[in-house]
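# Inside the fold
Chain by chain, the residues run as shown.
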Amino acid sequence: MDKYNFPILTKIIIKNFSIYKKTNLITVNIKDGVFCLAGANGLGKSTFINIVNYGLTGIVRRPEAEFSQDNSIPKFYSRSKSFAVKYFDRRIDENLRDIASISIELTCGGKIFYIERNFFEPDALSKLEIYEDGINIIEDEQDLTPSDFDFIYKQEITKSIGLQDFDQFVFIQIFVLTFDESHQLLFWDNSLMERVLYLFFNLDPSKAKLADQLRKDVSTFESNMRNLQWDATQKQKELTSLINQLELSTNNTQLVDEEIINQYNDLTSALSDGLENIQKIESDVKECDLLLADFSLKLSSAKFEYDSLFSSSFNRDVSLEKDPAILSLLASIQSDVCGGKDPAHHFEQLKKLIWETKCPGNKIANDESSVKKLQELDEIIFRFKGDQDKIQERKLRLIKEYDNLRNVANEITSEIDEIEKNNENFRLNLYRPSDKQGLASFVNDIKIQIGQLLNYKKEESKKRDEKRLELKNLERELSSQYLTAEEFFMPIFTEYARSFLGLDINIFLQTYAKGATLVLEINDTERREKHQLSESQRYFIDIALRMALIQHSSLHANILIDTPEGSLDIAYESRAGKMFADFTKKGFNLIITANINSSMLLLQLAEQCKAAFMQLERMTEWTTLSEVQQQEQAIIEKAFVAIEKKLG
Amino acid sequence: MTLNKEQHIAYMKEVAETIFAASVNIAYGDQGLKDLVEITGVASIVYKYIPLDIDYQVIIYKAANSVHSISKLTSKTPSKITDISSLAANSSKRMAIEVINSKEIRISFEELFDPLTISEESVVYYFNKGVEQVFCKTNAVALPTHPDSISHYAVPTFKSLEAALEHYKVYRARRSTCPILNNVWFDKANRILFKDGPEKILRQSLYFFLSDHVRGEVKEEQNVDDSKPVDIKISWDFASHIALIEVKWMGKSIVSLGQRKPNQNMNAAEAVAGANQLADYLERHKPYSVTQFTKGYLVVFDGRRWQTSTSSIAVNKTNGLYYENREVTYTPEHHNTRADFAEPVRFFIEPIYTS
Amino acid sequence: MIQSEAVFDTLFLGSQLQNRLSDFSNYELQIFAYLSCLLSLYDGEPVSFWGYSFIKNDLGSPYSREINESIEALIAKREIIKSDGDFLRITDYGLSELEVYSSFRSNVSRLKFLQAACESINLISYGQVKESISQEPILKSAGLQEQRRLLIDIDSPAFSILYDQFEMLKVALENKFSNLVMPAVIWLKYLGDKNLGKYDS
């Protein structure tokens, strides 16, 4: 799969957003590296993330809604559209509705996009410019309306990224490139993972379902074929017995050539013989099957005897204290003694064992006799195998003969049909009209039915072969994609998860037959249910998953992280800071909102990135503090200063 | 990256055509292949005991009929040998060996014969002054040259990593003779400057060498950040004994000649930092049980040249070999203070210098 | 209970390996046992033919409990001794026992796979054989998860890839070779070359 070119944001302008009370124009230039919006709780940090995503996609995700309810990307997209207006309604003053907007400048696939979207018109862009090699490629278009702009934007950005549909971009932007406060965790949600696997690895869940369906179809066709065959055979038997019952009418035979009558008779008796042979073969095959089952049993018990003898004679040479048989006896004795039982009944056996296997004279004699016995058993097994192979060959030969006879019988039947067709009155003349009239037409009906059954069977067989081929190709395709994902993606993800958590974990894809999904194992015990991990741990596995997906599928991207308030264990904060810094250095820009109290994370980030690679934006520039927050201002200020100091 | 079925089949066919054993099998049938296996087996054993070099001439063959028995091909009586180690005492550099069976060979010293006289029917292997050939009827099929050994049948295997690294240092790194390693240069013709990001190639070169030569399990490691500085991991006997190797390099890397600054300019500080990272990692990941033993190895590829810049296209001998013997000073000296830290190894790679 | 096939394989492979390498390790023996098993699959034998199974251990190499038990039992019987640290050698006693077992018919039927596996070292190097095995689809796919999993699990997609490779190999070789060691060597070299990146465009 080719790499995706995710958009890289370079500038964000927010106009007239009421919640950001201090200013009605916020301009942020985003450099490569980390952009961190820091502030106390409740100042609107999560809102910022939603605003950016709204700018890019035209939607705001409904926080309570789970993706599995929609369970399809287009459905999710359309159902989320109406929510944006509701969301912004509460956050923007009535009088500013028309002039509140979000502008974004971004680069994607070599082009530079400028877009501006009003908060209350999600399907329109008040401004769109797309620059390619310094030229605005839509400048020449006349009379474009805002919804035209939106339409063009959707097409162009989708193309530049490398996706097929805009709603796919929306999905990726909202669920993979963003990690937000409502923690819809990718890893633990099958419906999300399925889509992710498809978008990132071409692992198509519909293909896996198709493969299942094909398998069912093939087996249906095969059972149909068997039924049709059986029916045809039955009908054939009925037919021949009827024909044999009928006497040839001599009255009107001068209308038909005697030669043809003879031919007809020969054919019908050949058919009857043929059917008898077929029946005989069927019972021979059954007999073979019984013999094979019998041999199989004989072989396994001979093999068992061989293995036991081998094992026991093998251990003879072992010294007393290492012999497994003796050790196991001793263990039984020990358990008896400790359980207060009398172990004496074991002593006889111990004595026997030692006498037989450890006493010099006996040992040698035993060795020689064991080898001889083993050789005998080996010969017996070999003979059984040979006989079994012969029976198997016989069975195959019989089946082949059976098929031949079947074909011959079919041919004879069609020849009989030919004769009857060519000699119109033949049938009527052949059978005595009177009481056999009904019978004659009955006979004819049967013949027609047989012909039809055999035709159906041929058709089913063809269909089955087609499906089989389709299935084989599909399975091969799925296998190789599955393995590609494993080969390149899994190691990255596992390493990230391990680095974050510091735990010895394994992650693997379940086989495609059951539907591809990821399973997590910690120190060899499966933890599929998310409640077995702490919240911070779950959070980090999800971040690790996103990082690995992004790293696997693209060279540059923006990842948006809304640090959840207060649910990060301090122990993880510092590590998280370092992980984010390392990730950024690989070429992925991070837009992160953080609580100023998450100081360990921010301090570590600042330390690793320095001013060259990290911008710190104080939310206090954007909005006023509440009374409570003002009281804490000194502490907040101190925290900011510490971070800025780290930035250097 | 993914190939389709036809391409895979085409590649397999290509292998089948180029591999010399296939030619022998087709020319002489299954018996010929068996003979080849025996012959090459004998070659491996013989080369354990003789100091094979470029002056040697060794013929090893299996007679397809009695006319080709060695006593009929040479004038002197051949020696019958059942213990091949006795060859160690022999100083002859020319020998013809007939393989009788798995326990017996017959050798004629100093007197060779032309392989073509018997190769129509018998399978013949001929090491002729550095060139290895196997005959298919009247065609001599040359075996490809091995990057660090004079013969495919004298390739050393190592139980210890130290010995393997020593061999790599001399036979693969020093003159950049490893075919993988040789791709690391911006300028193959003079080997002054590295390509951008040479780590991957250096790692690969070392990995494939170790995998080929070390009698243990060699794996390339995936790491996503500095917290795990391990590039190659070797385990002997299912993890009771493990070596962790970190690869670093020194020198300059560029993407275009004469660029303002080199992409990377690594020096001894990089190596020292690597040593510290490795020691730190070892400290943090001490093995659980006392029966497990892990040792860290720092390996540094040294491509430094004196007084060269991003536009250097030639270097003289003095400047090229300036760093030949300049070992890195490590502070602290982990290899002296930690039992699980081996002495760092430096692979100096010579440039191609003028005069 | 000691498994007779594993004991035979251990003695035979051990003796062959020490002829070429002067000794062998548990890890090396397991690899060649695994290769032999794969060759039996190539030759059309069912999965059940081999008699014992393999898993992929923590480190990424094939491992059979039965082979391991055989090694330990043979050490206890002094048919194998430890030499040079963790390396092993078959003793003369072990070799004489091997000769006895070699005459058994059930062992004869597996000899060709064991032999072909060992003979491959003569035609491409020991290191190449070892490295190529780790590129075999089943081991490689199980290996990436670093988790214990039964190899030769016929439902896994890797298994079908393995069979695909065998089918392609048969097409490519066009029945030119009536022995097993040439397909083995060609397959191993192909796997190795693929990993070296020789087939990347």
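What follows covers the overall build of chain A. In terms of regular secondary structure, chain A is built from 18 helices and 14 strands. In chain A, buried positions account for 32% of the 648 residues.

Right, let's get into the nonpolar core. Counting residues in hydrophobic clusters, the biggest one holds 110 residues, and the most contacted among them are A:C36, A:V196, A:A544 and A:L605. In terms of residue count, the dominant contributor to this core is helix α14 (residues 535–553) of chain A (ten residues). Here this core spans two domains, and each of domain 1 (8–203 + 516–647) and domain 2 (211–246 + 432–491) of chain A adds at least three residues to it. Within the second largest apolar cluster, 103 residues are counted, among which are B:V15, C:L17, C:I71 and C:I138.

Bringing the pairing of strand β13 (residues 588–595) of chain A into the picture now. Residue and element names in this part refer to chain A. Taken across its eight residues, β13 has eight buried, putting it largely inside the fold. Across six bridges, the pairing between strand β3 (residues 34–39) and β13 is parallel. From the neighbouring strand, C36 faces β13, where its bridge partner is I592. Pairing analysis gives six bridges linking strand β12 (residues 557–562) to β13, with the strands arranged parallel. Bridge pairing in β13 links L560 to I591.

With that settled, consider the interface of chain B and chain C. With 36 residues of chain B at the interface, the matching set in chain C holds 37 residues. Within the residue set of the side of chain B that touches chain C, elements represented by two or more residues are α1 (5–18), α2 (20–49), α5 (199–213), β9 (217–220) and β10 (232–236) of chain B. Of all the elements, α2(B) adds the most residues to the side of chain B that touches chain C, at ten residues. In terms of residue class, the side of chain B that touches chain C is made up of 17 nonpolar, eleven polar and eight charged.

The omega torsion of the bond from B:T331 to B:P332 falls at -5 degrees, within 30 degrees of zero and hence cis. Among the secondary structure elements, B:P332 is positioned in the loop between α7 (317–320) and α8 (334–337). The backbone phi angle of B:R191 is positive, close to 55 degrees, even though this residue is not glycine. With respect to the helices and strands, B:R191 occurs in the loop between α4 (161–173) and β8 (194–195). For C:D84, which is not glycine, the phi dihedral falls at a positive 60 degrees.

Turning our eyes to something else, we now look at the sheet that holds strand β6 (residues 127–132) of chain A. To summarise the sheet geometry, strands pair through backbone hydrogen bonds and adopt either a parallel or an antiparallel arrangement. Residue and element names in this part refer to chain A. Taken together, the six strands give an open sheet; going across it, the order is β2-β1-β4-β5-β6-β7, and neighbouring strands pair in antiparallel fashion. Of all strands in the sheet, those with a lone pairing partner are β2 (25–29) and β7 (135–136), marking the two edges. Of the pairings in the sheet, the one linking strand β5 (residues 111–118) to β6 comprises five bridges and is antiparallel in character. Looking at the pairing, I112 lines up with Y131 of β6. Docked against the sheet, helix α1 (residues 45–57) engages β1 (8–15), β4 (101–108) and β5, running at close to 65 degrees with respect to β4. Strands in contact with helix α4 (residues 146–161) are β4, β5 and β6; relative to β6, the strand with the most contacts, it is inclined by about 35 degrees.

This part covers the pairing of strand β4 (residues 104–109) of chain B. All names here are of chain B. As paired elements, strand β2 (residues 79–81) and β4 share three bridges and run antiparallel to each other. Considered in β4, the bridge of S79 is made with I107. If you look at the hairpin formed by strand β3 (residues 94–101) and β4, you'll find two residues sitting between the two strands.

On to the confidence of the model for chain C, then. All names here are of chain C. Confidence in the prediction of chain C, expressed as mean pLDDT, is 86, and 91% of residues score 70 or more. Of all helices and strands in chain C, the one with the weakest mean pLDDT is strand β5 (residues 149–150) (56), whereas strand β4 (residues 88–90) scores best (95). Across the interface, the model reports ipTM at 0.86; the global pTM reads 0.65.

Residue and element names in this part refer to chain C. In a regular helix each residue adds 1.5 Å, so 18 residues correspond to 26 Å; helix α1 (residues 4–21) covers 25 Å between its end C-alpha atoms and thus fits that length. For α1, the buried fraction is high: 13 of the 18 residues fall into the buried class. Positioned one or two residues after α1, S22 has a phi angle of 75 degrees, which is positive.

This part is about the sheet that holds strand β5 (residues 123–128) of chain B. Residue and element names in this part refer to chain B. Spatial ordering of the open sheet is given by β2-β4-β3-β1-β5-β6-β7, a layout of seven strands whose pairing is mixed. Every other strand in the sheet has two partners, leaving β2 and β7 (139–142) as the edge strands with one partner each. Within this sheet the neighbouring strands show an average axis-to-axis angle of 25 degrees, counted without direction. Relative to β3, strand β1 (residues 57–62) runs parallel, the two sharing five bridges. The residue bridging V58 from the neighbouring strand is M95, located in β3. Set on the sheet, α2 makes contact with β1, β3, β4, β5, β6 (131–136) and β7; between it and β5 the angle comes to about 50 degrees.

With that out of the way, let us pick up the packing of helix α5 (residues 105–123) of chain C against helix α9 (residues 181–195) of chain C. Residue and element names in this part refer to chain C. Where α5 contacts α9, the two axes come as close as 9 Å, and the packing angle between them is 60 degrees. Taken together, the axes of α5 and α9 lie oblique to each other. Read as a crossing pair, α5 and α9 show a hand that is right-handed. From α5, A116, A117, E119, S120 and L123 reach across to α9, where they touch V181, A184, V185 and L188. When the residues that make up the contact of α5 with α9 are grouped by side-chain class, the tally is seven nonpolar, one polar and one charged.

Looking now at the packing of α1(C) against helix α2 (residues 26–42) of chain C. The geometry of a pair of packed helices is captured by two quantities: the angle between their axes and the separation between those axes. Residue and element names in this part refer to chain C. Running from N to C, α1 and α2 cross one another at 110 degrees; their axes reach a closest spacing of 10 Å. Considered as vectors, α1 and α2 are oriented roughly perpendicular to each other. Every pair of crossing elements has a handedness; the one defined by α1 and α2 is right-handed. Together, D9, T10, L13, G14 and L17 of α1 and E28, L29, F32 and A33 of α2 make up the contact between the two elements.

As a further point, take the environment of A:I492. Counting through the fold element by element, A:I492 comes out in helix α13 (residues 433–501). Along the primary structure A:I492 and A:L549 are separated by 57 residues, whereas in three dimensions their C-alpha atoms are 8.7 Å apart.

Parameters at a glance
- Residues numbered from 1 in each chain as written.
- Chains lettered and ligands numbered in written order.
- Predicted model: local features only at pLDDT ≥ 70, side-chain atom pairs only at ≥ 80, totals over all residues.
- Helix = DSSP H or I, 4+ residues; strand = E, 2+ residues; numbered from the N terminus.
- Buried ≥ 20, exposed ≤ 12 C-beta atoms within 10 Å, placed from the backbone.
- Core = buried A, V, L, I, M, F, W, Y, C linked by C-beta atoms within 7 Å.
- Domains from an automatic or database assignment.
- Pairing = 2+ DSSP bridges.
- Contact = placed C-beta atoms within 7 Å.
- Nonpolar A, V, L, I, M, F, W, Y, C, P; charged D, E, K, R; others polar.
- Axes fitted to C-alpha atoms, helices over the stretch in contact; angles between N-to-C directions.
- pLDDT = per-residue confidence, 0-100.
- Expected span 1.5 Å × (residues − 1).
- Parallel < 35°, antiparallel > 145°, perpendicular 65-115°, else oblique.
- Left-handed = near helix turned anticlockwise from the far one by under 90°.

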